[in-house]
Structure formats: C-alpha cells, structure tokens
Amino acid sequence: MRKKFILLLLTACLGLGTAGVHAAEETVNQGSGSKSLKEAFSELAIIPYDYQGKAFSQGRKTDIGGDYEVVQRNGRVLVPIRLMGYLAEHTTEANQGYWDIVWNAKTPDDVLLQNLSLKRTVKFKVNSTTMLLNGKSVKLDVPPQMIGGRVMLPLRDAASALGKHIDWLDGLILIGDAAIDLKHPQTLAAKDSIRTQLTDRRKRVDYEKLSTPLTQFGNDAYYLKTVIRDNGASWEEQLFRQTGGKKATRIQVPGKPVFHSGKRIGDVFYYVSTVSNQAYLYAYDLEKQQAQKIASLGDWRPEDGWLSDVWKWENELFVNLHVGDLTMGGDTLYRVKNGALQDIMSAKSLDGIAKDQNTLYFTDFRFMTEMPNNLSRLDISTGETSLLGEPGYAYGVARTVEENEGVGFRSDPTLALKDGALYAIGFKESDSKDPNSVYRIDTTGRTHVKLATGARQFWLIGDRIYYRDGSSGRLMQTGLEGGETANAVSSRRISQIRLFENVFYYTAFNGYELELFRFDPAAGKETMLASLAPGASADTAFEVNKSGVYYVSQGYEPGIYHIAPDGKQRRLTKDAVDQFVLTESGILYTLVYKEGVYTVK
C-alpha cells in the first residue's frame, strides 16, 4: 500500500511519558543553533509533551484528530511511522517534494520511507536495530516495534534518517532542519506562549454548530447556519441577525434560500431562493430588513450550479449563473429586466469584465480546453461578438511552468479599460518560455503592445501601470505606453498586497519579521507602519478599510489585529479565529473553539 502523507498523519503524536524519558532524549543535544525559536518558528513542526491534538506546523496552529499514541522503550520515544513523513514534509520546502510510505500487508514488518525529489530512502524493519539509509546500514538505539497493530519508530533516529533535527525545550519538541538556540532570550520569551496554545484542551466547534459570517449593517450582524437533514441527503441554510449583545433571531424569508453565494451591493444583499420549485433572485434590504423578489431565474435551479456574481452597472442589474461543476460546467451572464432574465453571453469561466455603455469586454478562463483567443468584445444591443488581442495569446490568465515541465494556470480577473484601450495580463500560448506580461490591447482589432514583462499582477492608477514582478516580488511601475520600467518603491520582496483608494498596502519580511508597509503613488512615499504579530507567515492575509488594516494571526499570539493609519497596532481579540469578514462597520468573525458570531471595531 502506497500513500502520500497528509495532515491527519500528525495524529500519531501524543504526550510523551515520564521525566526520565524527557531527560534521556534531551541529553542528545543542547540546542546550540544559530537561530532563536522566534526566528525559526515558521520553519518548524512543534509538538507538546502534553499533547491535546494540536501542533504548530510551519507557523500555523493545526488541530489534529485521532487516537494514535506514542510509547517509551529504554529511555527513548517511539512514534507511529506516519508521523515521521508528516514532520519531514511539513518542515521541507515545497520544491523538495514529499515523503511517501511503501508498505505491503504480505511483509508487515518492512516499511519504506522515500522522497524522490531528495533522492532519499529509509528502510525500517520491526525489531531490527539496523535501518538502511540510501542502502547503507545505520545502527538504531531502539528498534522499531509493532505496537497495537502499528509500526512504531524511535523518534530521534527516524528524524535524523529523514534529515531532520529535534530539540527538546521545556515541554516542547521542536522538529526542523537545524538546531535551535534554546538559551536565546527570544526562545525563552516565546516558549510559554507556544506551549499555552498547544496544550489548550478545547475542541473545535462541531461542524453542525458552525456559523458563517455574511455581513454587517450598523450594529446588526448577519450570519448563516447550515442544517443537515436525512444523513446528509438534504440541507437548509438559515439566516440570523444579531444586534449588539442581544440574542440572535432567525430571519424568515420565502422559499429555500441559498445565502453562502450571495453578494452585497451597497445596502442590499442579493441571493437566490427556490419557491414552489421555481428559483428566484431575491434582494434583502439591510436597512429596511425586508426581502424582495427581483427576478425569476427561468429553468436554472440552485442544484444545477451556483450564483457566481451580481453586478450593478448604470442602474442595471446583471447576474452570472453557473451550471455544472468546475470542470465541465460554464457561466452565463444575464441582464435583469422586468422581473426576468435576458441572456447576454456564455463562457467557460467568466473572469475579467469591463463595460462601456452597451459594449462589454470579457475574458474567458477556458482551463479545460484551449487557452488562447479568449478576449472578446460584445455589443449588448445586437449580441454581436468579436475577438480582440493578438491571435494565439491568452489574456486574463497567468501561466506557471515548473522545472519538471509541468504547467499550471491561474485566472487574473483584472481587465482595465482606459481611453479606448484594454489592459490585461497575458502570454503567447505556443511559446512555453513566454513570460506573463501586461499588454495594452486595441478594442477594435487584433493587436496589442507589451508594456511590462514578467508581471504577476497589475494595477492601473492614473497614467501609470504598477505591477508585481513575478520573479523578484518587487512592486514595479511603467507608463501606459510602456518603455522603461523602474522600482515603484524599495527592492524588498512583497508577500501580500492590497490596493485601497489608490494606495498600496503590502507585507514584506525584514529578516524573520513580517512588516506592513503603505505606499501612496500620488505622493511617491513609502511608510513602514508596523511589524505583524510574532510568528506571522508570508501568507498572513489582511484587509483594509478607512480605519486601517486588519489581519488575523495564526501564530502563537493568535487573534485579530488592527493597524491604524499612524502605525499604532492593537490586538482586538486573543483567541484563535476561524472566519472573518471586514465591513464598513467593523470585523465580523467566528472562533475555532467557541460557538457564536462576534464583532469588533
């Protein structure tokens, strides 16, 4: 049997036995590494002696289920073999592959761990004090054993065989590529918070009791709950409103509604509902607290697909309905008129859209068929459609070519219209080495001009194009006619970036600390606002509104944080956050270990 290790494999790690065992293992090393625990936090897997189903993996707290156990033999800790694959994989960079387990029921005492990318294999045999590392014999202090029907390995020896190092620190086991400086002041300052998070005995909120935050209007918080019936054969979404600290009340609306794919525009929340076997588009007025039927959805039903999006252009309402699944399905754009839908156009996946009076420009992300020739112009009045852009080019799509020649694609919905020209990311499909670039595209024919090479994403502000370079991660700029490119700000590599009211907010590492910056293109000024919470990782997401920046920390000081325009930072909550939505009224969020929906400004 051959399996890829997945997150559930960490269920193998439970609390480690007696002080004698701890002492025996700790004498192996004294943690004299060059990095502190704070510096190396995002590179480690961390497990507590007092295991409560929780671990830190590459900077993120993970909840694990299962009933696996760890045992002790002759002063050594034994763990199920699956744990070792998880530890190695989750302290290994993505380009270093993953660890496989090869096990055959006909030879249950033999187990193979291998990483093809690293060209590393480790063979273990139950009750044997020898393992084979890339074919060479290596002595084990304690042999693997079959306990409770599971193959158990000596933790320290197995980790070493997989190229990992273990440190033992005051109730914590640290697994990584190198030793940690256990006496560093930053290590000592971080360890208690880490241990507190990992020894939390609370369990995640049961799925059936989960709430999903939707939106907020003034002091009113709206969220939904999904009720599962008939052993999963049917379900119902229920909408609730909670005002201040008062008890939430269910909002009764017509039919069987689907709220999770709804879209808020201004003070109105649009959603679909089925009444007497007919699907309708509804609008819930958040100020009046009333639901109104907007239009019949014809033959379309929620079970056929989903509501992809709703737009309001020039006081006209447009709806994108998806039919089928992601692979074989497709989108259809409609205009709402006189309580019914008018078919406008169809696409595999409607991503980038720009509208100019009765002309609609759009890109079609055809990831299951041919990518190129996917930018079109539609005359809404006549229904006439024509292709735009150079033949053989794909627009609104970014391509990634891996070292092993594997190819990946992601959609880029940015389609900007300015002074009679379109701007989009694109590439030449027939040339595998053609980088993703920003193009200015003629709106009347099949021509374009390359403006910026190697762009990951872009923004059009005034008479300048700003883009994130895909190779360096820098924020760059150029003119609408192309020409010379230059750094928009310093040469730092950006992790996450947002644009709010034509001002950029982005994160970048300064050493091991993730910092938040603001760049105002109009003033040409960059400002470092604040350092994010300890342990913040490169994928730490944030949102921006007029009051500042909000982000959720998944590290060892969890919670919601707010950074004001002057850089002052506040920790708004101190518990693990599950979901959150930023609105003009503040943050609407749920917690991992506590039921309910909460708000904070």
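Note that the structure is predicted; figures quoted are calculated from it, not measured.

Here we look at the overall build of the chain
Stage number 1. Tallying secondary structure elements over the chain gives five helices and 53 strands in all.
Stage number 2. In summary, the chain has a C-alpha radius of gyration of 28 Å against a globular reference of 25 Å for 601 residues, a match within 12%.
Stage number 3. Here the C-alpha coordinates of the chain stretch approximately 80 × 60 × 55 Å along the principal axes.
Stage number 4. Burial statistics for the chain: of 601 residues in total, 50% are counted as buried.
Stage number 5. Total accessible area on the chain is roughly 28,200 Å²; 45% of this is exposed by carbon and sulfur atoms.

With respect to the packing of aromatic side chains
In this description, a pair of aromatic rings is defined by centroid distance and the angle of the planes.
Stage number 1. Within the structure shown, the criterion is met by 21 aromatic pairs.
Stage number 2. Ring geometry for F41 versus Y556: centroids 4.9 Å apart, planes at 85°, classification edge-to-face. With F41 in the loop between helix 2 (37–40) and strand 2 (45–48) and Y556 in the loop between strand 48 (548–553) and strand 49 (559–563), the pair connects residues that are 515 residues apart, well separated along the chain. The pair formed by F41 and Y556 is uniform in burial state, with each residue classed as buried.
Stage number 3. Seen from their ring centres, W311 and W313 are 5.4 Å apart, and the 15° between their planes marks the pair as stacked.
Stage number 4. Classification of W311 by relative accessible area gives buried; the value is 17%.
Stage number 5. W313 gets classed as buried once you look at its relative accessible area, which sits at 18%.
Stage number 6. Among the aromatic side chains, those forming a connected cluster through ring pairs are F259, Y271, Y280 and Y282.
Stage number 7. Lying over the aromatic face of W235, K256 brings its terminal NZ or CZ to 4.9 Å of the ring centre.
Stage number 8. Against the face of F542 rests R498, its NZ or CZ located 5.3 Å from the ring centre.

Details of the sheet that holds strand 39 (residues 455–461)
Two modes of strand pairing occur in sheets, parallel and antiparallel, and in both the strands are linked by backbone hydrogen bonds.
Stage number 1. Taken in spatial order, the four strands make up an open sheet running 39-40-41-42, and their pairing is antiparallel. The sheet terminates laterally at strand 39 and strand 42 (482–487), the two strands that pair on one side only. Direction aside, neighbouring strands of the sheet carry axes that sit 25° apart on average.
Stage number 2. Two elements, strand 39 and strand 40 (residues 464–469), share six bridges in a ladder whose sense is antiparallel. Bridge pairing links W459 to Y466 in strand 40.

Remarks on the nonpolar core
Stage number 1. Counting residues in hydrophobic clusters, the biggest one holds 17 residues, and the most contacted among them are Y270, V272, L281, L297 and L321.
Stage number 2. Mapped onto this core, the elements with two or more residues apiece are strand 21 (268–275), strand 22 (278–285), strand 24 (305–313), strand 25 (316–323) and strand 26 (330–337).
Stage number 3. Setting aside chain neighbours within four positions, we find L297 in contact with V272, Q278, A279, Y280, L281, L321 and L341.

Side note on helix 5 (residues 185–198)
Stage number 1. Its 14 residues place the ends of helix 5 21 Å apart at the C-alpha level, agreeing with the 20 Å of an ideal helix rising 1.5 Å per residue.
Stage number 2. The principal kink in helix 5, of about 30°, is found at K191.
Stage number 3. Every buried residue belonging to helix 5 is among T187, A190, K191, I194, Q197 and L198, and all of these are buried.
Stage number 4. Of the surrounding elements, those touching the buried residues of helix 5 are helix 2, strand 2, strand 3 (54–57), strand 4 (60–63), strand 14 (165–169) and strand 15 (172–176).

Some details on the sheet that holds strand 27 (residues 340–347)
Stage number 1. Strands sit in the order 24-25-26-27 across an open sheet of four strands; the sheet is antiparallel. In the strand order of this sheet, the two ends are held by strand 24 and strand 27, each with one partner. Sheet twist, expressed as the average angle between the axes of neighbouring strands with direction ignored, equals 25°.
Stage number 2. Where strand 24 and strand 25 come together, eight bridges link them in antiparallel fashion. Across the sheet, residue W313 finds its bridge partner in strand 25, namely E316.

Structural notes on the pairing of strand 27
Stage number 1. Of the strand pairs in this sheet, strand 26 and strand 27 are connected by seven bridges, and their pairing is antiparallel. Its bridge partner lying in strand 27, D331 is registered against A347.
Stage number 2. Turn length for the strand 26-strand 27 hairpin, with the two strands adjacent in sequence and antiparallel, is two residues, and the turn residue N338 shows positive phi of about 55°.

What to know about the environment of K568
Stage number 1. Relative to the assigned elements, K568 resides in the loop between strand 49 and strand 50 (569–571).
Stage number 2. Through-space distance from the C-alpha of K568 to that of A530 is 7.4 Å; in sequence the pair is 38 residues apart.

Comments concerning the pattern of salt bridges
Stage number 1. If you walk through the whole model with that rule in mind, you get 26 salt bridges.
Stage number 2. The partner of D200 in a salt bridge is R202, and the shortest N-O contact between them spans 2.9 Å.
Stage number 3. Look at D200 and you get buried, because its relative accessible area is 15%.
Stage number 4. Residue class for R202 comes out partly exposed when judged on its relative accessible area of 32%.
Stage number 5. One salt bridge connects E236 with R229, and the closest N-O pair in it is separated by 2.6 Å.

Points about the side chain of S349
Stage number 1. Here S349 is to be found in the loop between strand 27 and strand 28 (350–356).
Stage number 2. The exposure class of S349 is buried, given its relative accessible area of 15%.

A closer look at a nonpolar patch on the surface
Stage number 1. Side chains of W306, L326, M328, F367 and M368 sit close together on the surface and give an oily, nonpolar patch of about 530 Å² of accessible area.
Stage number 2. Among the structural elements, W306 can be located in strand 24.
Stage number 3. Taking the relative accessible area as the measure of exposure, W306 reaches 31% and is therefore partly exposed.

Rules behind the numbers
Residues numbered from 1 in each chain as written. Predicted model: local features only at pLDDT ≥ 70, side-chain atom pairs only at ≥ 80, totals over all residues. Heavy atoms only, no water. Helix = DSSP H or I, 4+ residues; strand = E, 2+ residues; numbered from the N terminus. Rg over C-alpha atoms; globule rule 2.2 N^0.38 Å. Buried < 20%, exposed > 50% of the residue type's maximum accessible area, 1.4 Å probe, protein only. Areas by Shrake-Rupley, 256 points an atom, 1.4 Å probe, with all protein chains shown as cover. Phe/Tyr/Trp six-rings, centres within 6.5 Å; stacked < 30°, edge-to-face > 60°. Lys NZ or Arg CZ within 6 Å of the ring centre and 35° of its normal. Pairing = 2+ DSSP bridges. Axes fitted to C-alpha atoms, helices over the stretch in contact; angles between N-to-C directions. Core = buried A, V, L, I, M, F, W, Y, C linked by side-chain atoms within 4.5 Å. Contact = heavy atoms within 4.5 Å. Expected span 1.5 Å × (residues − 1). Bend = angle between axes of the 7 residues up to and from the residue. Salt bridge = Lys/Arg side-chain N within 4 Å of Asp/Glu carboxyl O. Patch = residues over 30% accessible without salt bridge, like charges linked within 9 Å, V, L, I, M, F, W, Y side chains within 5 Å.

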